[in-house]
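# Residue-level structure breakdown
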Amino acid sequence: MKEPLLLDGKEVSKSIKGQLKGTIDSLSKEGIVPKLVTILVGDNPSSHTYVQMKANACVRIGMDSKRIFLPTETTTEELLQTIKQLNEDETVHGILLQHPVPSHIDERQAFDMIALEKDVDGVTSHGFGSTAFQLNAYPCCTPAAIMEMIDYYNLEIEGKHAVVIGRSPILGKPVSMMLLNRNATVTISHSRTENLDQIVKQADIVVAAVGKPKFVKGEWLKEGALVLDAGYNKGNIGDCDYDTCYNQAGAITPVPGGIGPVTIAMLLRNTVLAAQQKAVQRTVNHF
Ligand code: NAP
């Protein structure tokens, strides 16, 4: 049995961050430090870890970061006010509202309050629409990381059959649009899909975005399939059953060390691009 190509997210992330460093340095010469503000509502321990990881990544690369913690009882209106203030703050380049928010909050309304030019996590309806139509917007980070991973290793997309498992607004749907825009033939599956194993068997590319540990089994895969596991479950376990999938795949992402680190690199990149865009505007306004 031929060993699959192991898609190393840490290597891809390192390469992206290396490219960003030069831009951050030149922005700092103009007195601009890219700044990401994360908002966390409530006390979900996983969410705390995620925002901490994002803040650490900013600091390590020479960016500025601020974390805003709001209590669980925060109302939609209060959250919208916080976002509005950040939209108006000239020193803030990117805003990230950590998903999920407590269930009494209208998360969609809160996401859509984020100004498009600061939507570095790609969560607004406007951003999603723009991504789908290939217009200018910062792409949603995990879907962008999946595409980046494919491109880094020069793997083919055009004409391939991609099966995306999951249709969430932050993952399954946007990655399906991105694959479609790159001329893959895309099947989107979800919790009501019947005979999923037989559908996955036809896939050249499988994106697992289910949120269920070890959900995708090796025997579901076509031999040589490209397997991209976006899942991140308790205990650092992906949505694919890694050991059985490894034996069948042509290329595979591990968990941890796959899509996760690249997702953070995408967030940094979007924030740096937002700061760069701001610098360009400042120059234009000056003249
Ligand atoms: P989500 O919002 O819970 O969506 C899960 C999707 O999976 C839904 O569309 C659901 O279908 C579908 N699904 C559930 N059971 C299924 C089944 N039996 N067969 C087929 N589809 C099924 O999750 P998410 O936010 O997209 O996240 C998915 C995974 O990615 C999670 O493991 C999460 O931790 C991970 N994630 C990782 C990163 C990263 O940085 N690496 C970032 C974000 C998320 P319905 O629509 O019908 O309910």
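About the thresholds
Residues numbered from 1 in each chain as written. Predicted model: local features only at pLDDT ≥ 70, side-chain atom pairs only at ≥ 80, totals over all residues. Heavy atoms only, no water. UniProt positions renumbered as here; feature names shortened; annotations may be inferred. Helix = DSSP H or I, 4+ residues; strand = E, 2+ residues; numbered from the N terminus. Rg over C-alpha atoms; globule rule 2.2 N^0.38 Å. Buried < 20%, exposed > 50% of the residue type's maximum accessible area, 1.4 Å probe, protein only. Contact = heavy atoms within 4.5 Å. Areas by Shrake-Rupley, 256 points an atom, 1.4 Å probe, with all protein chains shown as cover. Lys, Arg positive; Asp, Glu negative; His and termini not counted. Charge placed at Lys NZ, Arg CZ, Asp CG, Glu CD. Polar contact = N/O pair within 3.5 Å; in protein donor to acceptor, adjacent residues only side chain to side chain. Axes fitted to C-alpha atoms, helices over the stretch in contact; angles between N-to-C directions. Parallel < 35°, antiparallel > 145°, perpendicular 65-115°, else oblique. Nonpolar A, V, L, I, M, F, W, Y, C, P; charged D, E, K, R; others polar.

By the naming in an unreviewed UniProt entry, the protein chain is Bifunctional protein FolD, taken from Alkalibacillus silvisoli. Quoted verbatim from the Function (unreviewed entry) field of the UniProt record, the comment on the protein chain reads "Catalyzes the oxidation of 5,10-methylenetetrahydrofolate to 5,10-methenyltetrahydrofolate and then the hydrolysis of 5,10-methenyltetrahydrofolate to 10-formyltetrahydrofolate."

### Digging into the overall build of the protein chain
Scanning the protein chain from terminus to terminus reveals ten helices and nine strands. Against the compact-globule benchmark of 19 Å for 287 residues, the protein chain has a radius of gyration of 19 Å, which places it among compact chains. Out of the 287 residues belonging to the protein chain, those deemed buried represent 48%. A fraction of 71% describes how many contacts in the protein chain between residues 6 or more apart in sequence connect residues 24 or more apart. A total accessible area of about 13900 Å² is found for the protein chain, and carbon and sulfur atoms account for 52% of it. Mean positive and mean negative side-chain charge positions of the protein chain (28 and 32 charges, respectively) differ by 3 Å.

### Some thoughts on the side chain of H161
Considering the arrangement of structural elements, one finds H161 in strand β5 (residues 161-165). There is a polar contact of 3.2 Å between the side chain of H161 and the backbone oxygen of Q202. Leave out the neighbours within four places in its chain, and H161 touches T185, T187, Q202, A203, D204 and I205.

### Examining the packing of helix α1 (residues 9-29) against helix α6 (residues 141-152)
One can describe the packing of α1 onto α6 by two numbers: an axis separation of 11 Å at closest approach and a directional angle of 95°. Considered as vectors, α1 and α6 are oriented roughly perpendicular to each other. Taken together, the residues of α6 that come into contact with α1 (itself represented by G9, E11, V12, S15 and I16) are E148, M149 and Y152. Counted by class, the contact of α1 with α6 contains four nonpolar, two polar and two charged residues.

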